[in-house]
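Remarks on the overall topology
This is what each chain is made of:
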Amino acid sequence: DAGVIQSPRHEVTEMGQEVTLRCKPISGHNSLFWYRQTMMRGLELLIYFNNNVPIDDSGMPEDRFSAKMPNASFSTLKIQPSEPRDSAVYFCASRNTGGWGNEQFFGPGTRLTVL
Amino acid sequence: AQSVTQLDSHVSVSEGTPVLLRCNYSSSYSPSLFWYVQHPNKGLQLLLKYTSAATLVKGINGFEAEFKKSETSFHLTKPSAHMSDAAEYFCVVSFDYKLSFGAGTTVTVRA
């Protein structure tokens, strides 16, 4: 299995530009998560999808952030317009539900730098 | 509510000596507990998990952890550290889909 795939691995953009991060979950997993990691705040859950439906988006910082999951094998996280404080590593994770303690499998992350 | 406290922000060991990373948890329910490792500029990799089966859990790369309910602890150990163990380690408690991460422990391995 290729694991969770994220692209791009690195993104450098200027303030005000639109940024789109992409994620392909592990085949057969029905839950997908987007996290943000910063030195100051650690790992934060941004949004959780189950069966392609957003279940919990309470962690999305503000309206500049949006996420979609059009099908079971693809999700995007979009920031428009981007700001320097959005600079962070963004992780996508997936898992199977239906059992207690099922671990989440993390992708390699996208390191975003907004200048 | 659940939370995790990692008692050491940084641990330094010599290669070949034991490693101990301490974790205490708080959970209103029977917890699922995990240890993840993050190498520099990499994603998080699962080391091991506890889900109410055996209290001593064996993971990858020689790591193991013991769940002690009376002490609300889930400490991670390895008998002999290797240079490749240098990384950041996260203790995590789970309820349903939500993960609560500890602040992380950075492990340095001296040659």
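An account of the accompanying structure is given in this report. (Residues numbered from 1 in each chain as written. Chains lettered and ligands numbered in written order. Predicted model: local features only at pLDDT ≥ 70, side-chain atom pairs only at ≥ 80, totals over all residues. Heavy atoms only, no water.)

1. Re the side chain of A:Arg95
Secondary-structure assignment places A:Arg95 in strand β9 (residues 88-95). No salt bridge is formed by the buried A:Arg95, whose closest oppositely charged neighbour, B:Asp96, lies at an N-O distance of 4.0 Å. Setting aside its immediate chain neighbours within four residues, A:Arg95 contacts A:His29, A:Asn30, A:Ser31, A:Phe33, A:Asn102, A:Glu103, A:Gln104, B:Asp96 and B:Tyr97. (Helix = DSSP H or I, 4+ residues; strand = E, 2+ residues; numbered from the N terminus. Buried < 20%, exposed > 50% of the residue type's maximum accessible area, 1.4 Å probe, protein only. Lys, Arg positive; Asp, Glu negative; His and termini not counted. Salt bridge = Lys/Arg side-chain N within 4 Å of Asp/Glu carboxyl O. Contact = heavy atoms within 4.5 Å.)

2. Side note on the pairing of strand β3 (residues 19-24) of chain A
Residues and elements named next belong to chain A. Bridge analysis of strand β1 (residues 5-7) against β3 gives three bridges, and the strand direction is antiparallel. Directly across from Ser7, in β3, lies its bridge partner Arg22. Here five bridges tie β3 to strand β8 (residues 74-79), and the two strands are oriented antiparallel to one another. Across the sheet, the residue bridging to Cys23 is Ser75, located in β8. (Pairing = 2+ DSSP bridges.)

3. Thoughts on the interface of chain A and chain B
Where interface size is quoted, it is often the accessible area lost as the parts come together. Taken together, the 19 residues of chain A in the interface contact 21 residues of chain B. Across the contact surface, chain A and chain B share two salt bridges. Ionic pairing is found between A:Glu103 and B:Lys49, a salt bridge with its closest N-O pair at 2.6 Å. Our count for the contact surface shared by chain A and chain B stands at seven residue pairs in polar contact (both at pLDDT 80 or more). For the side of chain A that touches chain B, the secondary structure elements donating two or more residues are β4 (31-38), β5 (42-50) and β9 of chain A. (Polar contact = N/O pair within 3.5 Å; in protein donor to acceptor, adjacent residues only side chain to side chain.)

4. Observations regarding the state of the cysteines
Applying the stated criterion across every chain yields a total of two disulfides over all chains. Between the sulfur atoms of A:Cys23 and its disulfide partner A:Cys92 the distance amounts to 1.9 Å. Between A:Cys23 and A:Cys92, the S-S dihedral sits near -70 degrees, and the bridge is therefore left-handed. Here the residue A:Cys23 occupies a position in strand β3, and A:Cys92 occupies one in strand β9, the gap between them amounting to 69 residues. For A:Cys92, a relative accessible area of 0% puts it in the buried group. Here B:Cys23 engages in a disulfide with B:Cys91; their sulfurs sit 2.0 Å apart. Between B:Cys23 and B:Cys91, the S-S torsion sits near -70 degrees, and that sign places the bridge as left-handed. Taken as a pair, B:Cys23 in strand β4 (residues 23-26) and B:Cys91 in strand β10 (residues 87-95) lie far apart in primary sequence, 68 residues in all. (Disulfide = S-S within 2.5 Å.)

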